[in-house]
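Examining the three-dimensional arrangement
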Amino acid sequence: MKTYQKMKAPLRLNIQHFAETDSAKFNPDNVVMSNFMEGEIPTQFSDVIVEDVMANSVTMQLAQYEEMTQQKKEFTYLTGPLGAYWVGEGKKIQTSKPTVVKAVMEAHKLGVIVLATREALQYTVRQFFTQMRPHIAKALYTKFDEAAILNVDNPFLQSLDQAVRNVDNHVISGPINGENYFALTDAVNDEGFDVNAFISKKQNKSLLRNVVDGFKQEDGTIVDPTRLYNRNANTLDGLPIAELDSKEMAKGTLYAGDFNYLRYGIPFNLNFKITDTGQISTITDENGDPINLFEREMVAMRATMDVGFMVLKDEAFAKLEPAAETPEAPAGA
């Protein structure tokens, strides 16, 4: 089986799902979806879906890709810098001894459900997956990012949010401003790591203007302030900002770190299955009621993608979050 590469996802077509036709003659323009209700998503469509996921997932934009060919992957990584030594004439050259650590990353199956009318079963395979592609990709990368970063419905051993809470003084509470920005980056730098990116959200744009650098006087006034946020380039102190589009992330939240210490992998091909019966409990209508496919003459497609994720070094990350609101005292207290 071919494996994924960064921003490129070559997949292998599983021929067994087309036993009634010669695989060499399979044409997505000539096969209707009612004759193709489950199996691996054909290569030319799954390639694009995975590329969309990798291009839009905040985690995948920042983390290092680790090639996977099975559910679990063991690999090694360096935890410290290479050493250098002065060498005297005629003396033996010393070799550096960086610390090498083994890690095991496990992939989990991520599934999404997309609804369509029954007429979609009369679409050709090409028409169907061309129309469904953006919906599948967005659902996949949104769910993956919320698990990997925010620890929402998380199947992995650890999320980024859990990692920062495992280290003392790596969660800073307060507003986004210059003082807290430096506290955030110092938490990472003091551990021996260099911040190379931030995770924010669009609602933080106005708050990021408050990140300024300059001499602070005793009264709190900053002399000759320099704004560190560049809205046009979407950078903070010259470093890129990746924006997470999730209602699960509170306004005023900012993650910083060396994202070389995040890893992800995609070991298997994408699969799908279509059904026109049953009730979809995870999707509700405007009244909050589950969707009954038979009653509404609809079909549901479940698409699944296996993906692995892990944090290699907790100390390489920190978080700035809004301070908890203090409850108001009862009247007359």
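Our structure is the block above this text.
Residues numbered from 1 in each chain as written. Predicted model: local features only at pLDDT ≥ 70, side-chain atom pairs only at ≥ 80, totals over all residues. Heavy atoms only, no water.

**Thoughts on the side chain of S246**
By the element assignment, S246 lies in the loop between β11 (239-243) and β12 (254-257). Excluding its chain neighbours within four sequence positions, the residues that come into contact with S246 are E146, L150 and K201. (Helix = DSSP H or I, 4+ residues; strand = E, 2+ residues; numbered from the N terminus. Contact = heavy atoms within 4.5 Å.)

**With respect to the pattern of salt bridges**
Inspection of the entire model under this criterion finds 14 salt bridges. R133 is the salt-bridge partner of D52, the closest N and O atoms lying 2.9 Å from each other. On the criterion of sequence distance, the pair formed by D52 in helix α1 (residues 43-56) and R133 in helix α3 (residues 125-148) is long-range, its members being 81 residues apart. As a salt-bridge pair, D161 and K319 come within 2.7 Å of each other at their nearest N and O atoms. In this pair, D161 is assigned in helix α4 (residues 160-165) and K319 in strand β18 (residues 317-321), connecting sequence segments 158 residues apart. Sharing partners across several salt bridges, the network here consists of D161, R165, K319 and E321. (Salt bridge = Lys/Arg side-chain N within 4 Å of Asp/Glu carboxyl O.)

**Here we look at the sheet that holds β12**
Paired through their backbone hydrogen bonds, the strands of a sheet run either parallel or antiparallel. Strand order in the open sheet formed by 7 strands is β5-β18-β12-β6-β11-β10-β9, and the pairing between neighbours is mixed. Two strands in the sheet have a free side with no partner beyond their single neighbour: β5 (171-173) and β9 (229-230). Here strand β6 (residues 197-200) pairs with β11 via 3 bridges, running parallel. Opposite I199, over in β11, you have A242 as the bridge partner. Helix-sheet contacts for helix α5 (residues 178-189) involve β5, β6, β10 (235-236), β12 and β18, and the interaxial angle to β18 is about 160°. (Pairing = 2+ DSSP bridges. Axes fitted to C-alpha atoms, helices over the stretch in contact; angles between N-to-C directions.)

**Focus: the pairing of β6**
Neither face of β6 is exposed, since A197 and I199 on one face and F198 and S200 on the opposite face are all buried. Sheet topology places β6 next to β12; 3 bridges connect them, and they run antiparallel. Within β12, the position partnered with F198 by the bridge is A256. (Buried < 20%, exposed > 50% of the residue type's maximum accessible area, 1.4 Å probe, protein only.)

**Let's talk about the environment of Q131**
Within the secondary structure, Q131 is located in helix α3. Sequence-wise, Q131 and A120 are 11 residues apart; in three dimensions their C-alpha atoms are separated by 9.7 Å.

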